[in-house]
Amino acid sequence: MKKIIVSLLLCVMTLGAHAQFERGTSYVSASATGLGLSYGAGEKFTLGLGITGGYFVEQSWMFYGKFGFDHTRYSDNVAVGLGGRYYFTQNGVYVGVGLQYEHITKSINNLHFCPEVGYAFFINRFITIEPALYYNISLNDFADGSKVGLKLGLGFYF
């Protein structure tokens with residue numbers, strides 16, 4: 001009996017998630033990065049916040065823009081970027097890729113290639129919790145400018 005109930009719940013969640021990845025759906029998200037969940041050369045503690053806004057141009061395909069701010073012990077980083085995501089409608093998993101320009105207060109500028117993989121867990125029809133793994137690959141200084149980490153976001157689909 002438990003297997004049947006769990007199967008029905010998974011089917012209902014899948015149908016709800018599928019409806020949100022349709023063409024014309026807009027998306028807004030706020031995410032937290034850092035807090036010891038990322039690794040980069042010379043960084044021990046990072047506190048980061050990000051805002052992302054996107055639009056589904058086709059079913060399961062979203063283009064987005066993002067703005068981020070990271071604070072470390074020695075510097076503050078501001079980043080802006082563009083990218084795209086593909087959502088697997090069966091389960092809410094997504095893969096994304098983007099480009100990001102980052103300015104560090106030490107007068108350092110980086111261009112990052114940013115692949116990510118995440119999961120959109122729907123709390124209700126519009127709100128999601130979105131954990132994701134990301135890898136910001138620096139195109140200017142690979143060794144010192146690249147960063148890998150985990151972010152946790154709260155998304156809104158409308």
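The model shown is predicted, which means the values in this text are computed figures rather than measured ones. (Residues numbered from 1 in each chain as written. Predicted model: local features only at pLDDT ≥ 70, side-chain atom pairs only at ≥ 80, totals over all residues. Heavy atoms only, no water.)

1. Focus on the overall build of the chain
Okay, step 1: Each helix and strand counted, the chain has two helices and ten strands in total.
Okay, step 2: When its helices and strands are written in sequence order, the chain yields α-β-β-β-β-β-β-β-β-β-α-β.
Okay, step 3: Within the chain, buried positions represent 39% of all 158 residues.
Okay, step 4: By sequence separation, contacts in the chain at least 24 residues apart represent 50% of the contacts at least 6 residues apart. (Helix = DSSP H or I, 4+ residues; strand = E, 2+ residues; numbered from the N terminus. Buried < 20%, exposed > 50% of the residue type's maximum accessible area, 1.4 Å probe, protein only. Contact = heavy atoms within 4.5 Å.)

2. Structural notes on the nonpolar core
Okay, step 1: Membership of the largest hydrophobic core is limited to eleven residues, which are F21, Y27, F56, M62, Y64, Y87, Y94, A120, F122, A132 and Y157.
Okay, step 2: Residues in contact with Y64, not counting those within four places in the same chain, are T52, G53, G54, G81, L82, G83, G84, R85, V97, G98 and E116. (Core = buried A, V, L, I, M, F, W, Y, C linked by side-chain atoms within 4.5 Å.)

3. Some remarks on the confidence of the model for the chain
The predicted structure's coordinates, where accompanied by low pLDDT, should not be read in detail.
Okay, step 1: Model confidence for the chain is summarised by a mean pLDDT of 83, while 81% of its residues fall at 70 or above.
Okay, step 2: Here helix 1 (residues 2-20) stands out as the element of the chain with the lowest mean pLDDT, 50, in contrast to strand 7 (residues 116-119), whose mean of 96 is the highest.
Okay, step 3: For the stretch residues 11-18, pLDDT sits under 50, and the model shows five contacts to residues farther than four places along the chain or on other chains. (pLDDT = per-residue confidence, 0-100.)

4. A short note on a nonpolar patch on the surface
Okay, step 1: On the surface, I51, F67, F69, V78, V80, V97, L99, Y101, L111, F113 and L139 cluster together into a nonpolar patch covering about 930 Å² of accessible area.
Okay, step 2: Listed by contribution, the elements that provide at least two residues to the nonpolar patch are strand 3 (61-72), strand 4 (76-87), strand 5 (93-104) and strand 6 (108-113).
Okay, step 3: Among the elements that make up the nonpolar patch, the one with the highest residue count is strand 5 (three residues).
Okay, step 4: Counting through the fold element by element, F69 comes out in strand 3. (Patch = residues over 30% accessible without salt bridge, like charges linked within 9 Å, V, L, I, M, F, W, Y side chains within 5 Å. Areas by Shrake-Rupley, 256 points an atom, 1.4 Å probe, with all protein chains shown as cover. Salt bridge = Lys/Arg side-chain N within 4 Å of Asp/Glu carboxyl O.)

5. Quick look at the side chain of S60
Okay, step 1: Mapped onto the secondary structure, S60 falls in the loop between strand 2 (46-58) and strand 3.
Okay, step 2: By relative accessible area, which is 5% here, S60 ends up buried.

6. Examining the packing of aromatic side chains
Okay, step 1: According to the stated counting rule, one finds 15 aromatic pairs in the structure shown.
Okay, step 2: Each ring, one from F56 and one from Y87, has its centre 5.4 Å from the other, and the planes form 45°; the classification is tilted. On the criterion of sequence distance, the pair formed by F56 in strand 2 and Y87 in strand 4 is long-range, its members being 31 residues apart.
Okay, step 3: Note on Y86 and F88: the rings are 5.1 Å apart at their centroids and 90° apart in plane angle, and the pair reads as edge-to-face.
Okay, step 4: Classification of Y86 by relative accessible area gives partly exposed; the value is 26%.
Okay, step 5: Here the aromatic residues F21, Y27, F56, Y87, Y94, F122 and Y157 are joined through ring pairs into a cluster of three or more.
Okay, step 6: Looking at R85, its charged tip hangs above the ring of Y94, at a distance of 4.2 Å from the centre. (Phe/Tyr/Trp six-rings, centres within 6.5 Å; stacked < 30°, edge-to-face > 60°. Lys NZ or Arg CZ within 6 Å of the ring centre and 35° of its normal.)

7. Some remarks on the pattern of salt bridges
Okay, step 1: Applying the stated criterion across every chain, the model contains five salt bridges.
Okay, step 2: R85 is paired through a salt bridge with E116; the nearest N and O atoms lie 3.3 Å apart. Here R85 is found in strand 4, whereas its partner E116 is found in strand 7, with 31 residues between them in sequence. When sorted by exposure, R85 lands in the same class as E116, which is buried.
Okay, step 3: Sharing partners across several salt bridges, the network here consists of R85, E116, E130 and K151.

8. Quick notes on the pairing of strand 9 (residues 127-138)
Okay, step 1: Across two bridges, strand 6 lies against strand 9 in antiparallel orientation. Looking at the pairing, H112 lines up with S138 of strand 9.
Okay, step 2: Taken together, the three bridges between strand 7 and strand 9 define a ladder with antiparallel strand orientation. Looking at the pairing, V117 lines up with L133 of strand 9.
Okay, step 3: Two elements, strand 8 (residues 121-122) and strand 9, share two bridges in a ladder whose sense is antiparallel. (Pairing = 2+ DSSP bridges.)

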